[in-house]
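# Remarks on the overall topology
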Amino acid sequence: MALGEIGAWEDTHAHWEIFERQVAIGMELGLPLIVTPPTDLRVNMTFKMMQRLQAMGMPPSRVVFNHAEERTLEAILSDGFYASLTVGAYFMEARTACTLLEGQKGGFDRIMLNSALREGLADILGIPKTVVALKEAGASLATIEAVTFGTAQTFFLGATTSS
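Definitions and cut-offs
- Residues numbered from 1 in each chain as written.
- Predicted model: local features only at pLDDT ≥ 70, side-chain atom pairs only at ≥ 80, totals over all residues.
- Heavy atoms only, no water.
- Pairing = 2+ DSSP bridges.
- Helix = DSSP H or I, 4+ residues; strand = E, 2+ residues; numbered from the N terminus.
- Axes fitted to C-alpha atoms, helices over the stretch in contact; angles between N-to-C directions.
- Contact = heavy atoms within 4.5 Å.
- Buried < 20%, exposed > 50% of the residue type's maximum accessible area, 1.4 Å probe, protein only.
- Phe/Tyr/Trp six-rings, centres within 6.5 Å; stacked < 30°, edge-to-face > 60°.
- Polar contact = N/O pair within 3.5 Å; in protein donor to acceptor, adjacent residues only side chain to side chain.
- Core = buried A, V, L, I, M, F, W, Y, C linked by side-chain atoms within 4.5 Å.
- Parallel < 35°, antiparallel > 145°, perpendicular 65-115°, else oblique.
- Left-handed = near helix turned anticlockwise from the far one by under 90°.
- Nonpolar A, V, L, I, M, F, W, Y, C, P; charged D, E, K, R; others polar.

### Thoughts on the sheet that holds strand 2 (residues 33-35)
Taken in spatial order, the 5 strands line up as 1-2-3-4-5 in an open sheet, and their pairing is parallel. A single partner strand is all that each edge strand has here, and the edge strands are strand 1 (3-6) and strand 5 (111-114). Geometrically, the sheet is characterised by an average inter-axis angle of 20° between neighbouring strands, direction not taken into account. Sheet topology places strand 4 (residues 82-86) next to strand 5; 4 bridges connect them, and they run parallel. Residue pairing for strand 5: Leu85 is matched across the bridge by Leu113. Along the sheet, helix 2 (residues 42-56) makes contact with strand 2 and strand 3 (63-65), crossing strand 3 at roughly 175°. Relative to the sheet, helix 6 (residues 141-157) contacts strand 2, strand 3, strand 4 and strand 5, its axis offset from that of strand 5 by approximately 110°.

### Let's talk about the pairing of strand 4
Side-chain positions along a regular strand alternate between the two faces of the sheet. When you tally the buried positions in strand 4, you get 5 out of 5 residues, the bulk of the element. Neither face of strand 4 is exposed, since Tyr82, Ser84 and Thr86 on one face and Ala83 and Leu85 on the opposite face are all buried. Of the pairings in the sheet, the one linking strand 3 to strand 4 comprises 2 bridges and is parallel in character. When the sheet's bridge partners are listed, Val64 is paired in strand 4 with Tyr82.

### Details of the packing of aromatic side chains
Throughout the structure, instances matching the rule amount to 4 aromatic pairs. Judged by centre distance (5.7 Å) and plane angle (85°), the rings of Trp16 and Phe19 are edge-to-face. Placement of the pair is Trp16 and Phe19 together in helix 1 (residues 13-29), with a separation of 3 residues, close to one helical turn. Pair check on accessibility: Trp16 and Phe19 agree, each one buried. Through a chain of ring-to-ring contacts, three or more aromatic side chains come together here, namely Tyr82, Phe155 and Phe156.

### Remarks on the environment of Ser140
When you line up the elements, Ser140 lands in the loop between helix 5 (126-136) and helix 6. Residue classification places Ser140 among the partly exposed residues on the basis of a relative accessible area of 37%. Side chain to side chain, Ser140 and Thr143 meet in a polar contact 3.0 Å long.

### Digging into the nonpolar core
If you look at the biggest cluster of nonpolar residues, it comprises 37 residues, and the most contacted ones within it are Phe19, Val35, Leu53, Phe65 and Leu85. Dropping the residues within four chain positions of it, Val35 is found in contact with Ile6, Phe19, Met49, Leu53, Val63, Val64, Phe65 and Asn66. One finds Ile34, Tyr82, Met112 and Phe155 within the second-largest nonpolar core, a separate group that totals 5 residues.

### A look at the packing of helix 5 against helix 6
Pairs of packed helices are described in terms of their axes, by the angle between the two and the distance that separates them. Look at helix 5 against helix 6: their axes get within 10 Å of each other, and the N-to-C directions meet at 165°. The pairing of helix 5 with helix 6 is recorded here as roughly antiparallel in orientation. Crossing of helix 5 against helix 6: the hand is right-handed. Contacts between helix 5 and helix 6 pair Ile127, Val131, Leu134 and Lys135 from the former with Ile144, Val147 and Thr148 from the latter. Split into classes, the residues belonging to the contact of helix 5 with helix 6 amount to 5 nonpolar, 1 polar and 1 charged.

This is how it looks when you write it as structure tokens:
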């Protein structure tokens, strides 16, 4: 269980107040957060939301940033947050996700894939296509397991003793 999707959709005082209240509710309930930055301001708002979360004392290990991309992934991971790569029709192509994952020097335990099926027109095969691309690129089974299931399981349910 988690709280979200939450986020500030505009860079305005009112939206930041709502975001901070959402974060406070999540902290009060002890829930992890799913944070989704707005599409048109994704990079700017991702960085601003990370700063606000840190200032509020929200542990980065309890936050996943939805729709991470090439311009935000490294910062999200280096600050200790989780990242979700969205593969599908209006987001990232499977091969792009594969290339982005190949460029990582680890951190797969904090990266997960999602397909944005709730967004309407989506590619239900986005994640399977990414798995095929990862296999073709020589990714390890452990990496594929982490980004397709293991990371999400750990984030939402906590670490388990067996897979």
